[in-house]
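Commentary on secondary and tertiary structure
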Amino acid sequence: MRPASSSSKSAAPHEGAGPPASAHPLTSPEGLPVNHHPVVLDIAGTALNADDRRRLAHPLVGGLILFARNYTDRAQLTALCADIKALREDLLICVDHEGGRVQRFRSDGFTALPPMRELGRLWGDDGRGGEGSGAMRALEAARAAGFVIGAELRACGVDLSFTPVLDLDHGPSGIIGDRALHRDPRVVALLAGALMHGLLRAGMAHCGKHFPGHGFVAADSHVAVPVDRRSLRAILADDARPYEWLATTLASVMPAHVVYPRVDALPAGFSRRWLQDILRGRLGFTGAVFSDDLSMEGARHLPGRDAELSYAEAAALALEAGCDLVLLCNQSVDGGRAVDELLDGLQAEAARGRWQPDPAAEPRRLALLPASPPLPWDERSEEHTSELQSLRTI
């Protein structure tokens with residue numbers, strides 16, 4: 001089976017790709033054209049239709065996110081990714097593929113990945129080995145998990161998985177739960193770093209989420225607006241520590257749709273203080289920032305605003321706060337009117353000056369694209385087989 005990216009793909013796969021410069025609708029405050037493709041959208045089915053093609057060619061679109069409904073088998077997924085790349089080579093094809101209950105592709109050879117909490121459990125289980133043997137086995141398994149995720153997805157043409165979860169396992173959060181690696185931020189940082197290393201060995205970047213931490217609150221930001229009332233000092237000393245320790249190696253970060261009122265009245269994904277002052281300024285992060293899904297309840301209702309935000313308003317606020325890319329998920333399944341309204345509305349928001357395109361955002365997006373071709377599924381290395389054996393120790 002051939003990969004979505006051919007062996008002739010250069011180390012800079014995005015060069016010469018994308019919409020023509022004349023199509024860019026955005027300008028800088030000085031009136032100069034700005035190359036910024038911030039929207040990551042979805043598609044309804046297992047193949048592109050005419051509306052999908054039209055939207056993916058839109059100059060505001062920089063990628064798309066796949067779901068289980070977009071998958072039937074590996075051949076279909078590979079063909080879909082190849083079709084997307086034929087349309088625009090620079091489009092970033094993303095998926096939530098963490099393991100456990102958040103794994104979109106589960107059949108036709110895809111490895112069933114354990115919940116990340118199992119890595120944390122292994123960390124503390126020395127069994128009959130010496131002290132620390134559990135930690136070493138957990139690190140090996142985390143590297144294996146990252147490699148397997150990256151190798152299998154890339155063999156089918158997927159560019160990026162939104163993993164690892166860096167939230168701490170405080171206990172009350174059902175939406176995080178066993179997706180978290182551990183309660184101790186030191187263990188989370190080490191295991192996440194090992195998983196990131198495995199992804200990079202497979203040629204895939206990564207995304208740490210949900211900054212500065214979603215694990216402390218019980219409410220689910222998909223259906224509510226969670227509020228974490230801890231102080232900035234408490235959060236930085238605990239939940240945000242993995243971001244501090246991994247700041248120079250994280251390729252991208254996704255902030256939480258959680259309000260931390262002792263820091264800012266706005267959710268982290270809409271807060272310049274969290275994204276600009278703390279994440280970039282204080283912690284030194286230099287990679288790309290994705291908003292979480294703008295259709296989630298935590299992104300539709302902001303403090304001090306009675307009316308529900310439109311998707312375009314939410315996108316503009318997130319981009320103005322410091323996000324480089326914004327996700328809108330599951331809005332194509334009923335014809336995609338909401339997706340079209342976002343694209344039209346976001347262009348209008350820029351024209352009104354409610355957000356300014358950031359020239360630095362596009363290089364950060366392009367840096368997430370794989371720089372080398374993947375191995376086809378049937379030509380994956382002995383290393384992949386070895387890593388699968390490491391995963392079976394969990």
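Here, residues in each chain are numbered from 1, in the same order as that chain's written sequence. Totals for whole chains, interfaces and linings use all residues, but because this is a predicted model, local features are given only for residues with pLDDT of at least 70 and pairs of side-chain atoms are given and counted only at 80 or more. With hydrogens and water excluded, all non-hydrogen atoms of the structure serve as input to the side-chain values.

What follows deals with the sheet that holds strand β1 (residues 39-41). Two strands qualify as a pair provided DSSP detects at least 2 bridges between them. Helix and strand assignments come from DSSP, with helices taken as H or I runs of at least 4 residues and strands as E runs of at least 2, each series counted from the N terminus. The strand order across the open sheet formed by five strands is β6-β3-β2-β1-β12, and the pairing between neighbours is parallel. Because the sheet does not close on itself, it has two edges, and the strands there are β6 (160-161) and β12 (326-327). In the sheet, strand β2 (residues 61-66) pairs with strand β3 (residues 92-95) via four bridges, with the strands oriented parallel. Bridging from a neighbouring strand, Leu64 pairs with Ile93 of β3.

Another aspect to go through is the pattern of salt bridges. Salt bridges are defined as contacts in which a side-chain nitrogen from Lys or Arg sits within 4 Å of a carboxyl oxygen from Asp or Glu. Summed over all chains, the structure comprises 30 salt bridges. Put simply, Asp90 and Arg88 hold a salt bridge, and the shortest N to O gap is 2.9 Å. Overall, Asp90 belongs to the buried group, its relative accessible area being 2%. A salt bridge links Asp324 to Arg280, with the nearest nitrogen and oxygen atoms 3.0 Å apart. Of the two residues, Asp324 is situated in the loop between α10 (311-321) and β12 and Arg280 in helix α8 (residues 272-282); the sequence distance between them amounts to 44 residues. By the burial criterion, Asp324 is buried, and Arg280 matches it. Taken together, the salt bridges that share partners define one network made up of Asp96, Glu98, Arg104, Arg179 and Lys209. Categorising residues by exposure relies on relative accessible area from a 1.4 Å probe, with only protein chains included: less than 20% of the type maximum marks a residue as buried, more than 50% marks it as exposed, and the intermediate range marks it as partly exposed.

Bringing unusual backbone geometry into the picture now. In this chain, Thr163 is followed by Pro164 through a cis amide linkage whose omega measures 15 degrees. Following the sequence through the fold, Pro164 ends up in the loop between β6 and α5 (185-201). Even without a glycine there, the phi angle at Asp108 is positive, about 55 degrees. Among the secondary structure elements, Asp108 is positioned in the loop between β5 (102-103) and α3 (117-123). Residue classification places Asp108 among the partly exposed positions, given a relative accessible area of 35%.

What follows covers the packing of aromatic side chains. Note on aromatic pairs: the rings of Phe, Tyr and Trp (six-membered ring only in Trp) are paired at centre separations within 6.5 Å, and the planes decide the class, stacked below 30 degrees, edge-to-face beyond 60, tilted for the rest. Counted under the stated rule, the structure contains eight aromatic pairs. Here the aromatic rings of Tyr260 and Trp274 are separated by 5.2 Å at their centres, their planes lie at 65 degrees, and the arrangement is edge-to-face. A residue pair is termed long-range when its members are at least 10 positions apart, and Tyr260 in strand β9 (residues 259-260) and Trp274 in helix α8 qualify at 14 residues. What makes Trp274 buried here is its relative accessible area of 0%. Geometry around Trp377 places Arg74 over its ring, the cationic atom sitting 4.1 Å from the centre. Geometry around Phe216 places Arg230 over its ring, the cationic atom sitting 3.9 Å from the centre. Remark: a charge is flagged as sitting over a ring if the NZ atom of Lys or the CZ atom of Arg is within 6 Å of the ring centre and within 35 degrees of the ring normal.

Relative orientation of the contacting elements helix α4 (residues 133-155) and α5 amounts to 35 degrees, with a least axis distance of 6 Å. For the crossing formed where α4 meets α5, the hand is right-handed. Here Ala138, Leu139, Ala142, Arg143, Ala145, Gly146, Phe147, Ile149 and Gly150 of α4 lie close against α5, whose contacting residues are Leu190, Leu191, Ala194, Leu195, His197, Gly198, Leu199 and Arg201. Under the convention adopted here, Pro, Cys and the residues Ala, Val, Leu, Ile, Met, Phe, Trp and Tyr are nonpolar, Asp, Glu, Lys and Arg are charged, and Gly plus all remaining residues are polar. Its residues placed into classes, the contact of α4 with α5 shows eleven nonpolar, four polar and two charged. Fitted lines through C-alpha atoms give the axes, limited to the stretch in contact for helices. The angle between two N-to-C directions lies from 0 to 180 degrees. Each helix crossing is assigned a hand: it is left-handed if the near helix lies turned anticlockwise from the far helix by less than a right angle, otherwise right-handed if that turn is clockwise. Whether two residues are in contact is decided by their heavy atoms: any pair within 4.5 Å suffices.

To continue, consider α10. In terms of burial, α10 is a largely internal element, eight of the eleven residues being buried. Where α10 is concerned, the buried positions are Tyr311, Ala312, Ala314, Ala315, Ala316, Ala318, Leu319 and Ala321. For α10, the elements touching its buried residues are α8, α9 (297-300), β12 and α11 (337-351). Backbone geometry just after α10 places Gly322 at a positive phi near 135 degrees.

Here the focus is the side chain of Ser332. Structurally, Ser332 is set in the loop between β12 and α11. The exposure class assigned to Ser332 is buried, which follows from its relative accessible area of 5%. Throughout this description, a polar contact denotes any pair of N or O atoms lying within 3.5 Å of each other; where both atoms belong to protein, one of them has to be capable of donating a hydrogen while the other can accept it, and for residues adjacent in sequence the pair is counted only when both atoms sit in side chains. Within the structure, the side chain of Ser332 is placed 3.2 Å from the side chain of Asp42, a separation counted as a polar contact. Filtering out sequence-adjacent residues up to four positions away, Ser332 remains in contact with Asp42, Ile43, Ala44, Arg69 and Val339.

Here the focus is the sheet that holds strand β7 (residues 208-211). Spatially, three strands are ordered β7-β8-β11 in an open sheet, and the strand pairing comes out parallel. Edge positions in the sheet fall to β7 and β11 (288-289), since each has one partner strand and no second. The pairing of β7 with strand β8 (residues 252-255) spans three bridges and is parallel. Each bridged residue has a counterpart across the sheet, and for Phe211 the counterpart in β8 is Pro255.

Attention now moves to the side chain of His257. Within the secondary structure, His257 sits in the loop between β8 and β9. His257 sits in the buried class, given a relative accessible area of 1%. Side-chain polar atoms of His257 contact the backbone oxygen of Asp292, separated by 3.4 Å. Here Asp293 takes part through its backbone oxygen, which lies 3.1 Å from a polar atom of the side chain of His257. Not counting chain neighbours up to four residues away, the residues in contact with His257 comprise Ser221, Pro226, Pro267, Phe270, Asp292, Asp293, Met296, Gly298 and Ala299.

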